[in-house]
Structures are given as structure tokens and as C-alpha cells.
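The chain contents come next:
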Amino acid sequence: MNILEIKNVSKIYNDNLILDNISLNILKGEFFTLLGPSGCGKTTLLRMIAGFTTPDSGKIFLEGKDITNLQPEERPLHTIFQTYALFPHMTVFGNIAFPLKMAKWSKEKIKIQVEELLDDVKLTKYKNRFPSELSGGQKQRVAIARSLVNRPKLLLLDEPLSALDARLREHMHMELVKLQEETGVTFVYVTHDQSEALALSSRMAVLNLGIIEQLDHPVIVYSKPKTYFVADFLGKCNILKAKIIDILDNSIVLFVGNLIEIEINVEEPNIYKKGQVGWYAIRPEKIKLRRIKNDDTMSTESDNDKYINSGTVVSYFYYGHSTLYEILLKNNAKIQVMLFNNKSEDLKFFKDNSEVYIAFNPNSGNFIEEI
Amino acid sequence: MKLSEKYVLSLPALIYLGIFFVLPIIIMVSISFMLSGDFGGVKPLFNYESHQLHTNLTLNNYKYVFHTYFIWQLILRTIFYSLLTTVFCLILGYPIALLISRSGDKLKNILLLLIIIPFWSCFLIRVYAWMIILGPNDAINKLVNLVRDYFGLAHINLLYTSFSVILCMVYINLPFMILPLYANLEKHNIDLLEAGQDLGASSLKIFLNITLPLSLPGILIGSVLVFIPSMGMFVIPELFGSNCTYMIGNLIKQQFLQTMNWPLGSVTAIIMTFIVVIISLFGNYLSEYLKETENVED
Amino acid sequence: MWKINTSKTVKIFSLITFLFLYIPIIIIILYSFNKSRIGINWSGFTLNWYRILIHDDNLIHAAINSLVIASISSLIAVVFGSFAGIALHKYKIPFFSYLIYIPIVVPEIVVGLSLLLFFILINFTLGYASVVLAHIAFSISFVTLTVISRMDDYDDSVISAARDLGAGPVKAFFLILIPSLLPGIIAGGLMAFTLSIDDFIITFFSAGAGTTTLPLFIYSMIKVGVTPEINAISSIIIIFTLIMAYFVSKLSPTMFE
């Protein structure tokens, strides 16, 4: 069921098109993420949902009700700000009680509700402290408690973890997911951090230059990027020039990087045209390396790996759990291969300039159309 | 909604300052073109005399001031005094601003407070303090006269010299130099200085090649803030001075309160304000320009 | 203690400047306890000059005038000035941004004299009222500047958060913005109060014959010559200013930058 519907929303600011005819639906109870680089329009879209800006055209519906022109205080949804935006002159208790006071609750009811929530977020000890006396993580929890205290229909989070250090951020990821599941409140989360988006969301939209490049489950967005931008922006990806040379019943045949022909399965082959150019995108970890042709000591799934090519290792980067190799192919194209270091002697195999063979399952990658 | 908030908040102050700052200055400018009244004040703008309408507007006040040698002498002396004051404030204020900007947070706050306290104490009291110190019965004056005795010169009263007037103006305006200089020096990149030391430059070289050029915008703002009140000064020359240390402010005060010639007083005040505003706009512009060129180099 | 080493030369010169700034002030305070009426010779400790001050009705009258004028003008200036500071931080208002710099850029004598002309031309009797009106004008400028500098460090999303959590624009302004800016507003108000108490030049021109404030009273005494009573009253004012400056620096440590 849709809780929020955004219909054909556009916004121009200082002659720049910030949002270009955006439409999207957010489902009740989901953890939805808007991902994109700075300036992609994600924050503008969030501010529009919250009511801090109005669209130049288009409408926004909350549970079927048009809220496009409502003031922020009239919308039953709350925002968590990047800077937490706690009221500096109020205690933790006062901050959390504020939305209830605005809703004209009685003093006793406010006290009961706030104390219960303080207990939930483990801040009871700190209820009489001022924001300036709290750590970053504590401030974050106060901001969340304050926004959830009167059960909003939607919680908007504007890069809420960007001010925290890496360790605390990872901890907060788990907390946020738990909190979202416990409260059942729909979360709309804005971030420029792709790993955050992949880890947290039930669905995500990748925004760039005011349009939605792809909207789907994180697994699909990562493994089958729909556009060049998505493939490039999310994680590491080999993006190779490709041309469709044949269209079959359930698949298309591509000529990739002027080097190899591959056949990949697609749902609707007839949307493509013969001769169409684009890219073939495949993640580095989907490619395997071998020291000799048809060496099956390296992989257990060698049956599927139909395409083998030789090249030399130009450089490698050791990350601990994995190693990223840069392979120079015969056509002078460079390709990245990520191997997980789950064997003891992995690094020994691939010294610089040693001759290697690469193998991959064509269906691990996908075809991206040129727009 | 937003538009109304903007004006509801700003209009009271805007109207108030319009009435009590802008309107009076407009009145002063208008009076500078009018004729002086017979018993002070000004003549009405129009009068009807022997069947003819006379307009009492004139440029003569300006002509008079421009052609009066002694007014120019006063203006030049005022500029000279103000420039000297500015230079001395800079020499005295720079080390202290540097010291504050290089000190740790706790010490910095104490030192800043020490600069601000005299700046906030009543201006008259600070002038008065120098009347005691430079007075004829004080040690400094006695010492000076002892030295003059030795060289066979006549005794002087230190209080009534240009030296005293400038000294006191330096004292009064010093915080105006220190605070903006400090604000500028505070923003300097410590890494840059340490890199300089690392590369073996002497502290004097670092100062001349890095700190001083970077602090030019602060020096300009401080100088403007010292120069403006110095140009308008009339209290110090009046209390310490004699005719030969009078400044343009004394003349303006006299024209308004003693000879009651409003139009001439207005013209003199306008010329002085004009000089001050031109110099401060230029200083401000130069400082902004320097700041921008520095940013480009980053 | 030091962020980076400062050379000895800088320290020595700084010490000299500090002495230059404080010796005159210390001399006034010391002399206010000196028995001798004339000259610089120390002839013993006395509180006599303070005793004389307490019984000087004219002085008490002038001090009360100063306090009343400073209280009224700073209170009004705080309201106008902080509203204006908030508006100027948020919106570009052409011309206004220059208006608040007038008391800084135009020499005080010109501001004072033009106000004098204005009051005479509109037939406004010079006295308490004209002094208060003049003081409000320059105080507005200083409060506005303090609040603007305060607003520059202010997290605007706090106001957005208040709106978001159910407060209308008026409630967000009075329940959140004003209270959270209060330290800066009070600092601006105290500054206006001190400037008003200490102001001599603008008061001199706008007061007329019958009205006396503390600085005007001191001026009339100084014109006659150096006396121990002036030392005593000056010491009191210096101590008062010291306390005020301390509070303002506690409330708004960045206001002078």
C-alpha cells in the first residue's frame, strides 16, 4: 500500500533544474533510501516532502491526501536533520516533549509518553542534560526519539549519520534498522553513501541531476545497474563498450570491448535492436582469475565460466578480506578483478606482470543501453 | 509569508534608523546650502520681499570653506594627526594581536578581555588619566623639563603639545586596531608557519614573507577603524590642547555652538565626513580585494 | 598555552603595550585613595573622596539619569536590534545593511550634531527624551551587529525542526529562535547598556542645557582640572565596566571577531 505518492514533481532554483518531473511511490512500513551525489536533488525532494519547499509543478500525496501546499507543522511526518537540530536551550526531556506540547497534550500524558521513550532509547539518565552536554551518538538518539514521540506516519532522515565516526555509524545502522522494524514507521532516508543505502534499505532510488536513474531493491540495483551512472556510482564496476550483434528468444548476443562475444539472458529481448550500442557492466568480484587456461583449481563453478581471456596483472591492492587486481587485456583495455582472500596463499599467485586468464559467467553482468 | 516576516522583523529598526540617522544627515546636507540666520539658525528657504520671491539657496558656504586657508590648515593637521595615530596604533597593536592569536584558548580569552575592558571604559575617563600623567606636576613632565634644562631650553608644559594629543588618541583607539588584527591573524593557517620553520626560514623571514602579507586585510580594517574616530576628535585637543593643536572637530563644534553659523558648520562637517567615508570605503575595498586574491592562491 | 611558539621580541612588545593600556587606569584607581589633594605625591590612604561622592547630590542625580537612560534605550534597542539582526541574517535587505554601520563609519561628532539640528528643526525640546532617542539609534546598530554575528554560527535547521515538529512560524520564533539566541541578545543588550552609560559625544550634543548624565558631569569637572573626586568616580565606573565586559565576554565570546 502506498503511504506517499510523488507525482510529476519539478523544481527550478536559480535557473537550475533541481528536480525533473519526478514520480515515485513509497510503501507503508518500508525503509526507502534516496541515494545520489551532492547536488542530485535528493535533499530538495526530502525538504519538499517535509514542507520546507514547494514544487514548481506536480503534487505530493500522503495516504491519498494532497499535502503539496501544507505548512511543515501541518504534516504528520517528521525530519531528522543532518546536524540533529536539537533545541540548545531545552533539556533532553524538553526536546522530546516539544512535539507533544505543540499538539497540546496534557502535562501528565506528556510525562508518561516521554519517559517511556527515554527508556526505549536508553537516555533516562540524561533527561535533564542540555544538548551541549551530550556526545554525538546521544544527540542522534535524542533527535530520533523527539521525531518518533508522537508516532509520525513517515520519518524523513537527511544524512543523519554523516557527523558520526565510522565505528558509531556502523552501530547506528543496526539501531536504525531495528528501530524501523519495531516501530513500523516508514523511513525515507537520504544519503550519498552507497554502502549505507545498500545495507539499510528495503528499496532504494538512485538520483542524478534531478532524475531517478533506477528504483529497485538494493540487490537488483547493485547487480543489474540500469544506467551507466548507477553502475559507475555504486561500488566498483567494469563498464565495457558493447554492441548487440544478435537477438535471440530469451537472450541477446553482445560484442564486448572489441574482444569477445557473449550471450546474456534478458527478459524482453525484443525491446533491443540489432546494432544497438551500449555497455556491458560486470562487478570485479564476479570475475575469476586463473594462472593457466582451464585451470579449475581456482573455481568450483568453472562449468559456467565460458569466456576466458588472457592478460597481465598490472597492479594489485590488498584490502585484507579481498584483493583488487588490475588486469591489462590484449586490446589494451584494463579490467578490475576482486578476489576474496579465503585461501591462505592467494597473493602469491599474482605478482605484477604475470600472465593470467580471466573467466566469468556472462549472466553475472548486464547490458546497459546508451541513452 | 516569508516576505512579511522579513519586513515585520526589520521595519521597526529600519524606520528608526531612517529617522534618527539618515534624516538628520539629509537635514545637515540641506543646511549646508542655506543662508545663516541673523541670530543663529538658518534663513527660511523662501521669502517674499518687495513683490519678488527669493530663494535662499547658495553655494557660497562651500566656496567660503574651500577658499579659507586656515580651514584647510586644520583639515591637513587633522589628517596628519590621524595618520600618525593610525601608524602608532599599528606598531603598538601588532605584536599584541600576534601574541593573542598564537596563544591557547584559555589564555586567549583572558588577553582578549584585557583588551576589551579599557575599550569599554568611559572614553572621558581614559582621556582624564593622561591629564594626570602628563600634567605639570607629574614625573614625566618634570623629567622632560630636567632634560631641557640641561640643554638650556625653556620649560614646557607637556600636556599642551601635539605629542600629548597624539599619544592620547593612540591610547583611546588602540583596541580598534588590535581586535580586527587579531581576528585576521587568528585565521592564519598554523601549518603554513610550521612548514616555513620546517623549511628552515628564520622567524623574521617567516613574519615578513608569510604573516605580514597575509595580515594586510586586517591591518587595513584596523587602520580604518582607528582613522575614523581620530578624524572626528574634538575632546582631546580641547582638554589638553592649545590653539596650535586644535583639530577640525573643534572648529565644527565652535561653528555650531559658539558662532552659531550652522551652514558653515555643516559644510565643514560634510567635507570631513566625505574624507572619512572615501578613505574607509577605499580601505574596505582594498581589504576585500586582498582577501579574494589570497583565496585564489589557495 | 601556546598554539605555536611566539618569539621573545613579540612577548616583550606585548608586555609594553599592556602596560601602556593599564598604567593610566591603575594610576586613577590608586590616586582615588590618595590623601593628598594635589600633586602626585602619595601621602597616605583615604576613603575620603568616595565619602564626598556619596554626598554630592548633583553626582547622584547624574548617575541616576545615566542608569535610567541606559536602561530604557538598551531595552528598546534590544527588541528592535535583535529582530533586525535575525531578518538581516536571513534576507538580503538592500541599503539596510549599510544603515547599521553609520555609527561606526560616520564620526560621532557628525552623528551628534546632525541629531542636534534634527531635534531643533522639529522643535523637539532637548532633554532626557532626545538623549534616549539618540542612544536607541546607536544601540540598535550594536545590538543588530551582535545578533548577526551570533546568527552566523546558528544552525538554521533548529528552526526548521521546530516547524517540522508542529510549531507554527510565530511559535517557532518565540519559543525556539528567541530563547536559543538569548545569550547573544543579552550580550548585545549589555553592550548597548554600557555604551549608553559611557557615551559622551552624542549625549553632549543631544542633551541640551538642563540634562546631565555621568559623562557630562565628569566633563564639566575635568574642564576645571584634576581632582581626587574625579579619580574616585572614575574608579567606580571602571570597576562597573570591568564587570559588564566580563559578563558579555562570557555570554558571547566571539562577538569581537
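Residues numbered from 1 in each chain as written. Chains lettered and ligands numbered in written order. Predicted model: local features only at pLDDT ≥ 70, side-chain atom pairs only at ≥ 80, totals over all residues. Heavy atoms only, no water.

The next thing to look at is the interface of chain A and chain C. At the junction of the two partners, chain A supplies 22 residues and chain C supplies 18 residues. Note on chain A versus chain C: buried area summed over both sides is about 1700 Å², and carbon and sulfur give 64% of it. It is A:E73, A:H89 and A:M102 in chain A that bury the most area against chain C; as a group they hold 33% of the surface buried on that side. For the pair chain A and chain C, the number of links is 1 salt bridge. As a salt-bridge pair, A:E73 and C:R163 come within 2.8 Å of each other at their nearest N and O atoms. Summed over the shared surface of chain A and chain C, the result is 7 residue pairs in polar contact (both at pLDDT 80 or more). Of all the secondary structure elements, the ones that give two or more residues to the side of chain A that touches chain C are β6 (77-80), α2 (92-102) and α4 (136-148) of chain A. Looking at the side of chain A that touches chain C residue by residue, the class counts come to 13 nonpolar, 6 polar and 3 charged. (Contact = heavy atoms within 4.5 Å. Buried area = accessible area lost by both parts, 1.4 Å probe. Salt bridge = Lys/Arg side-chain N within 4 Å of Asp/Glu carboxyl O. Polar contact = N/O pair within 3.5 Å; in protein donor to acceptor, adjacent residues only side chain to side chain. Helix = DSSP H or I, 4+ residues; strand = E, 2+ residues; numbered from the N terminus. Nonpolar A, V, L, I, M, F, W, Y, C, P; charged D, E, K, R; others polar.)

If you look at the interface, chain B gives 87 residues, while chain C gives 90 residues. In this assembly, chain B packs against chain C so that about 8300 Å² is buried in total across both faces, 83% of it on carbon and sulfur atoms. Of the charged contacts in the structure, one is a salt bridge between B:E238 and C:K223, with a shortest N-O distance of 3.4 Å. Inspection of the region where chain B meets chain C yields 9 residue pairs in polar contact (both at pLDDT 80 or more).

This part covers the pairing of strand β7 (residues 154-158) of chain A. Residues and elements named next belong to chain A. In terms of residue burial, β7 counts as a mostly covered element, since 5 of its 5 residues are buried. What you see with β7 is no split at all: L154, L156 and D158 on one side and L155 and L157 on the other are buried throughout. When β6 meets β7, the two strands line up parallel, connected through 4 bridges. When the bridges of β7 are listed, I80 appears paired with L157. Direction of pairing for β7 relative to strand β8 (residues 186-191): parallel, over a ladder of 5 bridges. Bridge assignment links L154 to a residue of β8, and that residue is T186. In the classification by handedness, the crossover that spans β7, the intervening helix α5 (residues 166-183) and the parallel β8 is right-handed. (Buried < 20%, exposed > 50% of the residue type's maximum accessible area, 1.4 Å probe, protein only. Pairing = 2+ DSSP bridges. Right-handed = clockwise from strand over helix to strand, strands pointing away.)

Residue and element names in this part refer to chain A. Scanning all chains against the criterion turns up 2 cavities of 30 Å³ or more. Considered as a void within the structure, the largest cavity measures approximately 130 Å³ in volume. Residue lining of the largest cavity: 16 residues in total, with L240, L259, I260, L329 and I335 positioned closest to the centre. Elements that contribute at least two residues to the lining of the largest cavity include exactly β16 (307-318) and β19 (355-360). Per element, the largest residue contribution to the lining of the largest cavity is 3 residues, and it comes from β16. Of the residues that constitute the lining of the largest cavity, the class distribution is 13 nonpolar, 3 polar and no charged. Two domains each provide a minimum of three residues to the lining of the largest cavity, namely domain 2 (236-282) and domain 3 (284-361). Empty space within the second largest cavity amounts to approximately 30 Å³. (1 Å grid on protein atoms, 1.4 Å probe; cavity = no way out; pocket = protein on both sides within 12 Å on 5 of 7 lines; lining within 4 Å. Points joined across faces, edges and corners; volume = space filled by probe spheres on them. Domains from an automatic or database assignment.)

Here we take up the packing of aromatic side chains. In this description, a pair of aromatic rings is defined by centroid distance and the angle of the planes. In total, this model carries 33 aromatic pairs over all chains according to the counting rule given. Ring geometry for B:Y16 and C:F80: centres 6.1 Å apart, planes at 75°, overall edge-to-face. Residue B:Y16 is found in helix α1 (residues 2-31), and its partner C:F80 is found in helix α3 (residues 57-90); the two belong to separate chains. Judged by relative accessible area, B:Y16 falls into the buried class, the value being 10%. We classify C:F80 as partly exposed; its relative accessible area is 24%. Taken together through their ring pairs, the aromatic side chains of B:Y16, B:F20, C:F80, C:F118, C:F119 and C:F124 make up a single cluster. Directly above the ring of A:F87 sits A:R146, whose terminal nitrogen or CZ lies 4.5 Å from the centroid. (Phe/Tyr/Trp six-rings, centres within 6.5 Å; stacked < 30°, edge-to-face > 60°. Lys NZ or Arg CZ within 6 Å of the ring centre and 35° of its normal.)

On to the arrangement of the chains. Contacts are most numerous between chains B and C, taken over all 2 pairs of chains that touch. For the non-touching pair chain A and chain B, the nearest C-alpha separation works out to 11 Å.

Residue and element names in this part refer to chain A. Pairing is mixed across the open sheet formed by 6 strands, whose spatial order is β6-β7-β8-β3-β9-β10. Because the sheet does not close on itself, it has two edges, and the strands there are β6 and β10 (211-216). Across the sheet, the mean angle separating the axes of adjacent strands is 15° when strand polarity is ignored. Contacts from helix α1 (residues 42-50) reach β3 (31-35), β6, β7, β8 and β9 (203-208) within the one sheet, and its direction differs from that of β7 by about 145°. α5 contacts β3, β7 and β8 of the sheet and is inclined by roughly 155° relative to β8. (Axes fitted to C-alpha atoms, helices over the stretch in contact; angles between N-to-C directions.)

Our next topic: the confidence of the model for chain C. Residues with a pLDDT of 70 or more make up 94% of chain C, whose mean pLDDT is 86. Interface confidence in the predicted complex, given as ipTM, is 0.86; pTM for the same model is 0.81. (pLDDT = per-residue confidence, 0-100.)

Below, the discussion takes up the sheet that holds strand β17 (residues 322-329) of chain A. Residue and element names in this part refer to chain A. A sheet is described by the order of its strands in space; here 5 strands give the open sequence β15-β19-β16-β17-β18, paired in antiparallel fashion. Each of the sheet's edge strands pairs with one partner strand only, and the pair in question is β15 (287-290) and β18 (334-340). Taking the axes of each pair of neighbouring strands and ignoring which way they run, one obtains an average angle of 45° across the sheet. Examined bridge by bridge, β16 and β17 share 7 bridges and lie antiparallel to one another. Its bridge partner lying in β17, F317 is registered against L324.

Turning our attention to the pairing of strand β12 (residues 251-256) of chain A. Residues and elements named next belong to chain A. Most of β12 sits out of view: 5 of its 6 residues are buried. Note: strand β11 (residues 238-247) against β12, 5 bridges, orientation antiparallel. Note that in β12 the partner of K243 across the bridge is F255. Pairing of β12 with strand β13 (residues 260-265) involves 6 bridges; the strand directions are antiparallel. Bridge pairing in β13 links L254 to I262. The turn joining β12 and β13, which pair antiparallel and follow one another in sequence, is formed by 3 residues; a positive phi near 55° is taken by G257.

Turning next to the pattern of salt bridges. This structure, assessed with the given rule, holds 16 salt bridges over all chains. Here A:E63 and A:K153 are joined by a salt bridge, their closest N and O atoms 3.6 Å apart. With A:E63 in the loop between β4 (57-62) and β5 (65-66) and A:K153 in the loop between α4 and β7, the pair connects residues that are 90 residues apart, well separated along the chain. Residue class for A:K153 comes out partly exposed when judged on its relative accessible area of 33%. The partner of B:D105 in a salt bridge is B:K108, with the nearest N and O atoms 3.8 Å apart. With B:D105 and B:K108 both in helix α4 (residues 105-120), this residue pair falls 3 residues apart, about one helical turn. Residue class for B:D105 comes out exposed when judged on its relative accessible area of 58%. A relative accessible area of 5% places B:K108 in the buried class. One connected set of salt bridges, linked through shared partners, spans A:K28, A:E63 and A:K153.

So, about the packing of helix α12 (residues 248-257) of chain B against helix α6 (residues 108-121) of chain C. Relative orientation of the contacting elements α12(B) and α6(C) amounts to 10°, with a least axis distance of 11 Å. The orientation of α12(B) with respect to α6(C), classified from their angle, is roughly parallel. Where α12(B) abuts α6(C), its residues B:G249, B:I252, B:K253, B:F256 and B:L257 lie against C:I109, C:L113, C:L116 and C:L117. When grouped by side-chain class, the residues that make up the contact of α12(B) with α6(C) number 7 nonpolar, 1 polar and 1 charged. (Parallel < 35°, antiparallel > 145°, perpendicular 65-115°, else oblique.)

The subject of this paragraph is the packing of helix α3 (residues 69-101) of chain B against α4(B). Residues and elements named next belong to chain B. Running from amino to carboxyl end, α3 crosses α4 at an angle of 150°, the nearest separation of the two axes being 9 Å. With respect to α4, the element α3 is oriented roughly antiparallel. On α4, the residues touching I96, L99 and I100 of α3 are K108, L111, L112 and I115. Taken together, the residues of the contact of α3 with α4 break down into 6 nonpolar, no polar and 1 charged.

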